[in-house]
Amino acid sequence: MERTLAIIKPDAVARRLVGKIIGRIEEAGFRIRAMRRVNLSKGDAEGFYAVHRERPFFASLTDFMSSGPAIVMVLEAPDGIKKWRALMGATDPAVADAGTLRKDFAESIERNATHGSDAPDTAAYEIGYFFAGIDLT
């Protein structure tokens, strides 16, 4: 079993897609080990996305992620990181595969409905960012 962090981003929450996305997560065989609704401050978003600080999209990304509530979750499944990234689809919904969350629910490359960890070390950091001190057993 492998754990990954998943976020239903503010665009999808605002468009009332949380239930549909969670349904798809469960249908894909993931166990939701933890879940909470968060309202990231600009500083929280900057801390979470610090790895992208030097990228040109950093300011708009952190503005967007602090623009409204999001749902953060710890998902678990065999090969969970790869499986979650496949379910999400490509970052750009215009090139995402049919049937992926981003193809079905994203509005643009930035307002792309979901986030997922890209590697085990990233997942460990991201899970700790939102669920520090929480027993996930």
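Scroll up a little and you will see the structure.
The numbers attached to residues start from 1 for each chain and follow its sequence in the written order. Confidence filtering applies because this is a predicted model: local features only for residues at pLDDT of at least 70, side-chain atom pairs given and counted only at 80 or more, and all residues used for totals across whole chains, interfaces and linings. Calculation of side-chain values draws on the structure's entire complement of heavy atoms; hydrogens and water are dropped beforehand.

Section: the layout of surface pockets
Logical step 1: In this model, the largest pocket occupies a volume close to 640 Å³.
Logical step 2: The numbering of helices and of strands both runs from the N terminus, where a helix is a DSSP run of H or I of at least 4 residues and a strand a run of E of at least 2. Looking at the lining of the largest pocket, the elements with two or more residues in it are helix H5 (80–88), strand S4 (114–116) and helix H7 (120–131).
Logical step 3: The dominant element in the lining of the largest pocket, judged by the number of residues it contributes, is H7, at 4 residues.
Logical step 4: Of the residues that constitute the lining of the largest pocket, the class distribution is 9 nonpolar, 8 polar and 8 charged. Detection works on a 1 Å grid of protein atoms alone, calling trapped sets that fit a 1.4 Å probe cavities and calling open sets with protein on both sides within 12 Å along at least five of seven lines pockets, with lining residues defined by an atom within 4 Å of a point. Grid points are joined across faces, edges and corners, and a volume is the space filled by probe spheres set on the points. For this scheme, ten residues count as nonpolar: Ala, Val, Leu, Ile, Met, Phe, Trp, Tyr, Cys and Pro. Four count as charged, namely Asp, Glu, Lys and Arg, and the remainder, Gly too, count as polar.

Here we look at the sheet that holds strand S1 (residues 2–8)
Logical step 1: One bridge is not enough; two strands pair if DSSP finds at least two bridges between them. Taken together, the 4 strands give an open sheet; going across it, the order is S2-S3-S1-S4, and neighbouring strands pair in antiparallel fashion. Across the chains shown, the open sheet's two edge strands, defined by having one partner strand only, are strand S2 (31–38) and S4. Here the strands of the sheet are splayed against their neighbours by 20° on average, with no regard to which way each runs.
Logical step 2: Bridging between S2 and strand S3 (residues 70–77) involves 7 bridges; their strand directions are antiparallel. Fitted lines through C-alpha atoms serve as axes, helices being fitted only where they are in contact, and the angles separating the N-to-C directions of these axes extend from 0 to 180 degrees.

Describing the side chain of Asp-11
Logical step 1: Inspection of the secondary structure puts Asp-11 in helix H1 (residues 10–14).
Logical step 2: In this structure Asp-11 is buried but unpaired, with Arg-15 as the nearest side chain of opposite charge at 4.3 Å.
Logical step 3: By definition in these notes, contact holds between two residues if any of their heavy atoms fall within 4.5 Å. With residues up to four places along the chain from it excluded, the contact list for Asp-11 reads Phe-64, Glu-107, Arg-111, Asn-112 and Ala-113. Accessible area is worked out with a 1.4 Å probe on protein chains only. A residue is then buried under 20% of its type maximum, exposed over 50%, and partly exposed in between. Charge counting treats Lys and Arg as positive and Asp and Glu as negative, with His and both chain ends excluded. Criterion for a salt bridge: a side-chain nitrogen of Lys or Arg within 4 Å of a carboxyl oxygen of Asp or Glu.

Description of the packing of aromatic side chains
Logical step 1: The criterion for an aromatic pair is that two Phe, Tyr or Trp rings (for Trp, the six-membered ring) have centres within 6.5 Å, with stacked assigned to planes under 30 degrees apart, edge-to-face to planes over 60 apart and tilted to the rest. With the rule as written, the count across this model stands at 6 aromatic pairs.
Logical step 2: Ring geometry for Phe-48 against Tyr-49: centres 4.8 Å apart, planes inclined by 90°, an arrangement best described as edge-to-face. The pair formed by Phe-48 and Tyr-49 is uniform in burial state, with each residue classed as buried.
Logical step 3: Here Phe-48 and Phe-130 contribute two aromatic rings whose centre-to-centre distance is 5.1 Å and whose plane-to-plane angle is 50°, an arrangement assigned as tilted. Separated by 82 residues along the polypeptide, Phe-48 in helix H3 (residues 42–48) and Phe-130 in helix H7 bring together distant segments of the chain.
Logical step 4: Grouped by ring-pair contacts, the aromatic residues Phe-48, Tyr-49, Tyr-125, Tyr-129 and Phe-130 constitute a single cluster.
Logical step 5: Here the guanidinium or amino end of Lys-83 rests over the ring plane of Phe-30, the centre of that ring lying 5.2 Å away. Placement of a charge over a ring requires the Lys NZ or Arg CZ to be within 6 Å of the ring centre, with the centre-to-atom vector within 35 degrees of the ring normal.

These results come straight from atomic positions and should not be treated as a statement about function.
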